[in-house]
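What the coordinates show
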Amino acid sequence: MTRRRASDDGQRGLAPSRRGFLTGTAAAAGGLTAQFAAGEAAAQEAPRAAPGDLVEVTFTLNGAEVTRAVDPRRTALDLLREGEGLTGTKVGCRHGQCGACTLHVDGRPVLSCLTLAAQLEGAEVTTIEGLADAAAAEGIATADGLHPVQRAFIERDGFQCGYCTPGQIMSAAAVIAEGHASSEAEVREYMSGNLCRCAAYPQIVAAVMDATAEIGTPQDGGGARADYHLGLVEQVEDEA
Ligand code: FES
Ligand code: FES
C-alpha cells in the first residue's frame, strides 16, 4: 500500500489556506465569545451557593446507602475519615502523589484526596473497612473472611509501618479485578502510584501475585464476577 502525502491530490482540498485558516479561526472565536457570554449570563442568573451552604449527597458506603449534607469544598477523604469515622483510608500527601487514600468508587480505584465528597452522588463506594464484605459478596473471600489480597499481605509480610497498606491493598484489589496483574512487571507499573516509605515493594508485589493466583484473572475467567470484571476491562480500554 502506497502512503499518500498530505499534498497528494485527495488531501489537497483538506489542507487549509492561510486566509481560510484565519477566517475560520476568527469565526470560531466569535462563536466562542458569544457562547461564553451566554454562559456567563446564565451563570449570573443561576443561584450561587453561598459560603457555608451545604449540598446533599446520597451514595452507597460499604453496602449501606447514606445521605449526607456536605460542604461542596470537602474532599471524600475528609468526609470518610472525619465524618464517617472510617480512618482506614489514610492521609498521605493530599496532592494525589502517594496513593495512601485509595478507595473504590464503582469498582474503580480512586484517590479520595482529589475527589470531592459531592462527586460521590449515586456512587458505590468501598473503603478498606468494607473490602472483606465486598469480597464475600463476590464469592472470593478467604476461609477467614478476608479479601484474598488482605490474606496475601499478611502471609507475605507486605508491610512494615503499615501506613501505606490500606491504599496498597485497595489498589491491588482493583488492579487484579481490572486484569492488570499478569506479571510482576505489570503489577509494579499499575501500582506505581502507591508509594511505600518503608520500601516493602518486593513483599507487596509477591502478595499481589499470590492473590492473583488465588482469585484468577478476568481474562482466564477467574473470580466469581468475571463478567463484571471483563466489563471493567472493556470500559477501561474504551476510555483509553
Ligand atoms: S493522600 Fe491522596 S494521593 Fe496522597
Ligand atoms: S509499610 Fe510503611 S509506608 Fe509502606
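The rules behind each value
Residues numbered from 1 in each chain as written. Chains lettered and ligands numbered in written order. Predicted model: local features only at pLDDT ≥ 70, side-chain atom pairs only at ≥ 80, totals over all residues. Heavy atoms only, no water. 1 Å grid on protein atoms, 1.4 Å probe; cavity = no way out; pocket = protein on both sides within 12 Å on 5 of 7 lines; lining within 4 Å. Points joined across faces, edges and corners; volume = space filled by probe spheres on them. Helix = DSSP H or I, 4+ residues; strand = E, 2+ residues; numbered from the N terminus. Nonpolar A, V, L, I, M, F, W, Y, C, P; charged D, E, K, R; others polar. Core = buried A, V, L, I, M, F, W, Y, C linked by side-chain atoms within 4.5 Å. Buried < 20%, exposed > 50% of the residue type's maximum accessible area, 1.4 Å probe, protein only. Contact = heavy atoms within 4.5 Å. Salt bridge = Lys/Arg side-chain N within 4 Å of Asp/Glu carboxyl O.

Here the focus is the layout of surface pockets. In this model, the second largest pocket occupies a volume close to 280 Å³. Pro109, Ser171, Val175, Glu178 and Tyr190 are, among the 15 residues lining the second largest pocket, the residues nearest its centre. Secondary structure elements with two or more residues in the lining of the second largest pocket: β4 (108-111) and α6 (165-177). Residue composition of the lining of the second largest pocket, by class: six nonpolar, seven polar and two charged.

Another aspect to go through is the nonpolar core. Ranked by internal contacts, the top residues of the largest apolar core, which has 25 residues, are Val149, Phe153, Ile176, Met191, Ile204 and Val208. Where this core is concerned, the elements lending two or more residues are α4 (131-138), α5 (148-156), α6 and α8 (201-215). With near-sequence residues (within four places) excluded, Ile204 lies in contact with Phe153, Gly158, Gln168, Met191 and Cys196. In terms of nonpolar packing, the next biggest core, distinct from the first, is built from 15 residues, Phe59, Leu61, Val70 and Ala76 among them.

When we look at burial in α5, the residues that qualify are Pro148, Val149, Gln150, Ala152 and Phe153. In this structure, the buried side of α5 is in contact with α4, α6 and α8. Remark: Asp157 follows α5 within two positions and exhibits a positive phi of approximately 55°.

Pairing between side chains of opposite charge can happen when their charged atoms approach one another. Scanning the entire structure with this criterion turns up eight salt bridges. The shortest N-O distance in the salt bridge between Arg74 and Glu82 comes to 3.4 Å. When its relative accessible area of 27% is taken as the criterion, Arg74 is described as partly exposed. Overall, the relative accessible area of 57% leaves Glu82 in the exposed class. In this structure, the salt-bridge partner of Asp144 is Arg151, at a minimum N-O distance of 2.3 Å. For Asp144, a relative accessible area of 43% gives the class partly exposed. Classification of Arg151 by relative accessible area gives partly exposed; the value is 24%. When salt bridges that share partners are traced, they join Asp144, Arg151 and Glu155 into one network.

Positive phi is not limited to glycine here, since Arg94 has a value of about 65°. A positive phi angle, near 60°, is found at Ala199, a position not held by glycine. By the element assignment, Ala199 lies in the loop between α7 (184-190) and α8.

Take the environment of Thr60 next. By the secondary structure assignment, Thr60 is in strand β1 (residues 55-61). Residue Thr60 is classed as partly exposed on the basis of its relative accessible area, which comes to 25%. Between the C-alpha atoms of Thr60 and Val105, which are 45 residues apart in sequence, the distance is 9.6 Å. Setting aside chain neighbours within four positions, we find Thr60 in contact with Glu65, Ala123, Glu124 and Val125.

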